[in-house]
Amino acid sequence: MESLVTAKKNINEKGFLDIETPNIDYVKEILKLKKEKNAVILAHYYQIDEIQEIADFVGDSLALAQKAAKTDADIIVFAGVHFMAETAKILNPTKKVLLPDLLAGCSLADSCPPEDFAAFKKQHPDHLVVTYINCSAEIKALSDYVCTSSNALKIINSIPKEQPIIFAPDRNLGDYLNKETGRKMLLWDGACMVHEAFSMEKLIDLYKEHADAVLIAHPESEAHMLKVAKYIGSTSGLLNYVKTSDQKKFIVATEAGILFEMLQENPDKIIIPAPAKEDNTCACSECAYMKMNTMKKLYLCLKHELPNIEVEAELAKQAIIPINRMLELSK
């Protein structure tokens with residue numbers, strides 16, 4: 001383990017402060033630090049259970065962006081991935097925004113390099129650009145609108161039918177939106193590895209065991225999964241569907257972290273994660289990036305206020321325009 005001085009020097013390489021925390025009660029210390037520093041902890045539903053339990057607010061991308069825009073805390077600790085903390089910083093340029101692990105990235109955001117996308121956009125000058133929030137600040141700055149899976153239909157439908165659109169970076173969500181709206185949006189060829197990891201073969205076997213179960217899926221999933229899903233919705237949409245449905249058994253095709261909240265809200269229902277192609281410990285699809293945040297990293301980042309997220313002022317000024325359009329349309 002490193003000294004604090006060395007850990008600070010190595011933070012960009014390692015992503016977090018790699019120092020010892022002997023005999024620390026993380027829950028107690030995090031709650032104490034949060035109060036002392038007027039900090040708020042925002043966590044995504046895909047975070048580990050312990051982080052969801054200690055967070056002030058747990059939500060999907062839209063709800064987290066809305067909370068980040070309204071908070072009166074001096075420090076925002078974002079237990080999620082890099083693009084989420086970056087969005088919070090764009091919305092709060094004067095506040096300190098912390099991310100427990102700088103290397104908690106996003107396969108979907110990585111699938112859309114800014115230089116390549118800028119060239120693609122240049123080839124279609126008559127198109128408006130709508131981007132899914134799971135992208136970098138540079139991509140947001142190249143966009144006319146940002147959306148989340150919760151409000152994508154609303155955003156797309158607010159744009160005149162005759163207006164051509166580029167949708168990026170998720171081709172699966174874009175394909176779903178094209179089918180739902182009857183549009184022919186031009187799709188960037190990006191995808192989320194978590195939502196492309198589901199195995200149809202294993203799902204069929206699972207159905208043999210649970211013929212009375214209903215499949216529900218996130219629209220980032222591949223078309224063949226969506227075709228057989230009884231309900232397609234955002235993270236919050238899936239949670240709400242299970243809560244309000246009379247069904248008693250569900251197979252859920254999204255990142256397995258959502259099961260924590262689902263089981264809390266529905267102790268009387270049977271909830272099964274959709275099976276992944278890979279034979280992993282949970283037999284489900286997990287986002288390795290989301291799971292990089294731990295209680296130790298959360299404690300250290302709040303204690304030392306590192307790693308903190310910075311967004312260059314001019315870039316933030318461009319990126320906030322489509323984000324604000326989204327928040328306005330989502331009221």
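Quick caveat, the model's predicted, so the values are computed rather than measured.

A. Region of interest: the packing of aromatic side chains. Here the structure, examined in full by the defined rule, presents six aromatic pairs. Summarising the aromatic geometry, the rings of Tyr 26 and Tyr 299 are spaced 5.8 Å apart at their centres and angled 45° between planes, so their arrangement reads as tilted. Within this pair, whereas Tyr 26 is found in helix H3 (residues 26-37), its partner Tyr 299 is found in helix H16 (residues 295-304), the two being separated by 273 residues in sequence. Members of the aromatic cluster, connected to one another through ring pairs, are Phe 117, Phe 120 and Trp 188. The ring of Phe 16 has Lys 297 sitting right over it, with the charged end atom 4.4 Å from the ring centre.

B. Inspection of the nonpolar core at higher detail. Judged by nonpolar contacts, the single largest core of 102 residues is most densely connected at Val 130, Phe 167, Ile 216 and Met 262. The residues contacting Met 262, other than those within four sequence positions of it, are Ile 216, Leu 238, Leu 239, Val 242, Val 252 and Ile 271. Judged by nonpolar contacts, the second largest core, of nine residues, contains Cys 135, Ile 139, Ala 168 and Trp 188.

C. Representation of the pairing of strand E7 (residues 165-168). The alternating pattern of E7 places Ile 165 and Phe 167 on one face and Ile 166 and Ala 168 on the opposite face, and all of these are buried. Two strands pair when backbone bridges link them, and strand E5 (residues 128-132) and E7 are joined in this way by four bridges, in the parallel orientation. From the neighbouring strand, Leu 128 faces E7, where its bridge partner is Ile 165. As judged from the two bridges shared by E7 and strand E8 (residues 186-187), these two strands associate in the parallel manner.

D. Seen up close, the side chain of Glu 220. Following the sequence through the fold, Glu 220 ends up in the loop between strand E9 (214-217) and helix H13 (223-228). Despite being buried, Glu 220 has no salt bridge partner; Arg 171 is the closest side chain of opposite charge, sitting 11 Å away. With residues near it in sequence (within four places) discarded, Glu 220 still touches Leu 108, Tyr 132, Asn 134, Asp 170, Asn 172, Leu 173, Cys 192 and His 195.

E. Broad picture of the packing of helix H14 (residues 235-244) against helix H15 (residues 258-265). At their nearest, the axes of H14 and H15 sit 10 Å apart, and the two run at 25° to each other. Between H14 and H15, the crossing angle belongs to the class labelled roughly parallel. Judged by the twist between their axes, the crossing of H14 over H15 is right-handed. For the pair formed by H14 and H15, the contact residues are Thr 235, Leu 238, Leu 239, Val 242 and Lys 243 on the first element and Ile 258, Glu 261, Met 262 and Glu 265 on the second. Partitioning the contact of H14 with H15 into residue classes produces five nonpolar, one polar and three charged.

F. Region of the structure containing helix H11 (residues 171-181). For H11, the set of buried residues is Asn 172, Leu 173, Gly 174, Tyr 176, Leu 177, Asn 178 and Thr 181. Where H11 is buried, its residues meet E5, helix H10 (152-157), E7, E8, H13 and strand E10 (231-232). Taking the backbone nitrogen of Asn 172 as reference, a side-chain oxygen 2.8 Å away marks Asp 170 as the first, capping residue of H11. One or two positions beyond H11, positive phi appears at Gly 182, with a value near 75°.

G. Summary view of the environment of Pro 322. Looking at the element boundaries, Pro 322 is found in helix H17 (residues 313-329). Here Pro 322 falls in the buried class, since its relative accessible area comes to 0%. Taking the C-alpha atoms as reference points, Pro 322 and Val 130, 192 residues apart in sequence, are found 8.5 Å from one another.

Parameters at a glance
Residue numbers here run from 1 along each chain, matching the order of that chain's written sequence. Local features in this predicted model are restricted to residues whose pLDDT is 70 or higher, and side-chain atom pairs enter the listing and the counts only when it is 80 or higher, whereas totals over whole chains, interfaces and linings include all residues. Neither water nor hydrogens contribute to the side-chain values; these are computed over all heavy atoms in the structure. Aromatic rings from Phe, Tyr and Trp, taking only the six-membered ring of Trp, are treated as a pair when their centres fall within 6.5 Å; an angle between ring planes under 30 degrees marks them as stacked, one over 60 as edge-to-face, and anything in between as tilted. Labels follow the DSSP assignment, with helices taken as runs of H or I lasting at least four residues and strands as runs of E lasting at least two, numbered in each case from the N terminus. Criterion for a charge above a ring: Arg CZ or Lys NZ at most 6 Å from the ring centre, at most 35 degrees from the ring normal. To qualify as a nonpolar core, a set must consist of buried Ala, Val, Leu, Ile, Met, Phe, Trp, Tyr and Cys residues joined through side-chain atoms within 4.5 Å. Burial status follows relative accessibility: with a 1.4 Å probe on protein chains alone, a residue under 20% of its type maximum counts as buried, one over 50% as exposed, and anything between as partly exposed. It only takes one pair of heavy atoms within 4.5 Å for two residues to be counted as in contact. Two strands qualify as a pair provided DSSP detects at least 2 bridges between them. Counted as positive: Lys and Arg. Counted as negative: Asp and Glu, with His and the chain ends omitted from the count. In what follows, salt bridge is the name for a side-chain nitrogen of Lys or Arg lying within 4 Å of a carboxyl oxygen of Asp or Glu. Here the axes come from fitting lines to C-alpha atoms, over the contacting stretch only for helices, and the angles between their N-to-C directions go from 0 to 180 degrees. Here the angle decides the label: under 35 degrees means roughly parallel, over 145 means roughly antiparallel, 65 to 115 means roughly perpendicular, and every other value means oblique. The handedness criterion is simple: a crossing whose near helix is rotated anticlockwise from the far helix by less than a right angle is left-handed, and one whose near helix is rotated clockwise is right-handed. Ten residues, namely Ala, Val, Leu, Ile, Met, Phe, Trp, Tyr, Cys and Pro, are considered nonpolar, four, namely Asp, Glu, Lys and Arg, are considered charged, and the remaining ones, Gly among them, are considered polar. We define a polar contact as two N or O atoms separated by no more than 3.5 Å, with the added condition that, inside protein, one atom must be a possible hydrogen donor and the other a possible acceptor, whereas residues neighbouring each other in sequence contribute only through side-chain atom pairs.

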